Amino acid sequence: MDRPAVTSYDDALASLQAAGRLPSVAAAVARGGVPAWQGCVSVLPDREVTSASAYRIGSITKTLTAVLVLQLRDEGRLDLDDPVGRFVPETGYAATTVRALLAHTGGLQSEPSGAWWERVDGGSFAELMAANDGTGRVAAAGEYFHYSNLGFALLGELVARLRGAPWWEVVRARLLGPLAMSATSYHPPADHAPGRSVDHFAHTLSAEPHTDTGAMAPAGQLWSTTGDLLRWADFLVTGHPDVLPAATLAAMVESTTDTEDYGLGLRRLTVGGRTLVGHTGSMPGFQASLFVDPVTRDAVVALADATTGLGTEELPGRFLGFAAADVRPAVTLWRPSPRPVPPRVAEILGVWFWGNTALGVEWVHGELWVRDLRSGALEDRFGPLGDGYVGIEGYHRGETLHLRRRPDGTVGHLECATFVWTRAPYDPRAPIPGGAAEQV
């Protein structure tokens, strides 16, 4: 299905929120390097969030780490083809070059060993190296592109050792200060969006932790605002005399592999014939997108407090490619379901099968919505009726959806006008009309 046209930035933001089921989303656009618009949509029931609020930016943090490494290269403190072991000798990846770490071509595993690093407080660099001794490598250096968060932890430690200060102090002194990015921080400031994830079926919100990722911080720790990130986006294509020249930044976006548009800590993204530069980001409860056109200096930044749904790569086209003459109907914002979900509803949410066809049953504004999980199409809507539900839209409009229970009281299958839905395809415990399908 074609994406609906929009008539304004505000419409684009509302459309983004509704399509992605985003508790809140803030975005900003620059034209020719000049901020042109910013906005925020929030349906959070317990927190006020505005376009000035900070969000976690995830892997956009990597672009700052990469710039710090290139500063050292321009100063002659390192060569990109130096092995990282020259600066961090105790690592099990000592032979991997700085260039390969920046480009994700060093063959390192994507994530460090241990607990999910993004969702738990992290430890020291020594602890990180002890748990990741090099045996987790997934490929030979240069064999192929393989995104590695662990690699950027190594680069952050390299920066700290050559500068003689913790990575975050170097970020503040050498990037945020010169660029006047005062709203970017290591920890969440007082005015911040809360990390949230959305239950796919119940549409309820869950809180995600705001962790201190410790030694992994150079890969995804930071918080920022759309205003600060527009400033960072413009820097990425214009440079700054006290940070990094434009020529070095241009070299950072040259693709290093045949299969991935990734340079040295920066991505390239083609949208509507334009080549944009930037990065995406995600952390539990947050997503982020930042891209800028090096030719026109048009840029778009978007931040959401949701683990999924932002559409970080498709987003630039929504804001940089719409035509003013396009017309579309008004968007109805998505809103979360209030907690708690009624027990009689909670027990039937989730995945069901009509034969082999997978269906998702969701709870939306007091109704059951049934979607085809392959296409995402809304097939039916049901409203409560006694001990069951009655169809109010779709093929089963006016029909009754019955909950058929087993002797122990649990729901064994759903039945509506001879249609039987089971938790597994052709569940032999349910009366499948015509019998189960024959395997061929």
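Residues numbered from 1 in each chain as written. Predicted model: local features only at pLDDT ≥ 70, side-chain atom pairs only at ≥ 80, totals over all residues. Heavy atoms only, no water.

As a further point, take the environment of Pro 342. Topologically, Pro 342 is positioned in the loop between helix H10 (315–320) and helix H11 (343–346). For Pro 342, a relative accessible area of 32% gives the class partly exposed. (Helix = DSSP H or I, 4+ residues; strand = E, 2+ residues; numbered from the N terminus. Buried < 20%, exposed > 50% of the residue type's maximum accessible area, 1.4 Å probe, protein only.)

This part is about the sheet that holds strand E1 (residues 24–31). Across the sheet, 6 strands lie side by side as E2-E1-E10-E9-E8-E7; this open sheet has antiparallel pairing. Strand pairing shows two members of the sheet lacking a second neighbour, strand E2 (34–42) and strand E7 (267–271), which therefore form its edges. Each adjacent strand pair in this sheet contributes to an overall mean axis angle of 20°, direction not counted. Set on the sheet, helix H8 (residues 226–238) makes contact with E1, E2, strand E9 (286–292) and strand E10 (299–304); between it and E10 the angle comes to about 140°. (Pairing = 2+ DSSP bridges. Axes fitted to C-alpha atoms, helices over the stretch in contact; angles between N-to-C directions. Contact = heavy atoms within 4.5 Å.)

This part takes up the environment of Arg 297. Examined against the element boundaries, Arg 297 turns out to sit in the loop between E9 and E10. Among the residues examined, Arg 297 registers a relative accessible area of 31% and is labelled partly exposed. Separated by 10 residues in the primary sequence, Arg 297 and Gln 287 place their C-alpha atoms 23 Å from one another. Ignoring sequence-local partners within four residues, the contact set of Arg 297 consists of Ala 30, Arg 31, Gly 32, Gly 33, Asp 234, Val 237, Thr 238 and Val 292. In this structure the side chain of Arg 297 is engaged in a polar contact, spanning 2.8 Å, whose partner is the side chain of Asp 234. (Polar contact = N/O pair within 3.5 Å; in protein donor to acceptor, adjacent residues only side chain to side chain.)

Let's shift gears to unusual backbone geometry. Here the amide bond leading from Arg 339 into Pro 340 is cis, since omega sits at -5°, within 30 degrees of zero. By the secondary structure assignment, Pro 340 is in the loop between H10 and H11. Here the phi dihedral of Arg 21 falls at roughly 55°; this positive angle occurs in a residue that is not glycine. According to the relative accessible area criterion, Arg 21 is buried, its value standing at 15%. The phi dihedral of Arg 297 falls on the positive side, at around 65°, and the residue is not glycine.

The next subject is the pairing of strand E18 (residues 419–422). Going residue by residue along E18, you find Phe 419 and Trp 421 tucked away on one face and Val 420 and Thr 422 tucked away on the opposite face as well. Relative to E18, strand E17 (residues 411–416) runs antiparallel, the two sharing 4 bridges. The residue bridging Leu 414 from the neighbouring strand is Trp 421, located in E18. Once E17 ends, the chain turns through 2 residues before running back antiparallel as E18, passing Ala 417 with a positive phi of about 55°.

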